[in-house]
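Here are the chains, one letter per residue:
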Amino acid sequence: MDEKVIIDILTKEAYDLTGGILGLYLFIDDHFIGPEGITLEDISALNGLTHAMLEISQKHDLHVEEFSQKYRDVIVAIEHKEKNRS
């Protein structure tokens, strides 16, 4: 896979994680905080949201690991170059 495509995938997954966490925060704020009772639908929806976030984060972790393994030598060279500048 092309390096640009990999970076685009990693970037999209990172945005998906950020958006998902914000959605989870808002959902909990709307449904679990306040005087209204928590329904079985609320719990089911929360379970679905957390499961989706887990799937996205595990996929992202795998892609980051693959990217890191593939470009480890390049990353080390860049870090070494930056370290020598300081």
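Computed from a predicted structure; not experimentally measured. (Residues numbered from 1 in each chain as written. Predicted model: local features only at pLDDT ≥ 70, side-chain atom pairs only at ≥ 80, totals over all residues. Heavy atoms only, no water.)

A. Looking closely at the pattern of salt bridges. On inspection of all chains with the given rule, the structure shows one salt bridge. With its nearest N and O atoms 2.7 Å apart, the salt bridge here joins Asp-16 to Lys-12. Here Lys-12 and Asp-16 lie together in helix α1 (residues 3-31), a separation of four residues that amounts to about one turn. (Salt bridge = Lys/Arg side-chain N within 4 Å of Asp/Glu carboxyl O. Helix = DSSP H or I, 4+ residues; strand = E, 2+ residues; numbered from the N terminus.)

B. Representation of α1 in the model. Taking 1.5 Å of rise per residue, 29 residues should cover 42 Å, and α1 covers 41 Å from first to last C-alpha, within 8% of that figure. For α1, the secondary structure elements touched by its buried residues are α2 (40-70). (Expected span 1.5 Å × (residues − 1). Contact = heavy atoms within 4.5 Å.)

C. Region of interest: the packing of α1 against α2. Packing of α1 against α2 leaves a shortest axis separation of 10 Å and a crossing angle of 155°. In terms of orientation, α1 lies roughly antiparallel with respect to α2. Our pair here, α1 against α2, has a crossing hand that is left-handed. Here the contact of α1 with α2 is built from residues that sort into 17 nonpolar, six polar and six charged. (Axes fitted to C-alpha atoms, helices over the stretch in contact; angles between N-to-C directions. Parallel < 35°, antiparallel > 145°, perpendicular 65-115°, else oblique. Left-handed = near helix turned anticlockwise from the far one by under 90°. Nonpolar A, V, L, I, M, F, W, Y, C, P; charged D, E, K, R; others polar.)

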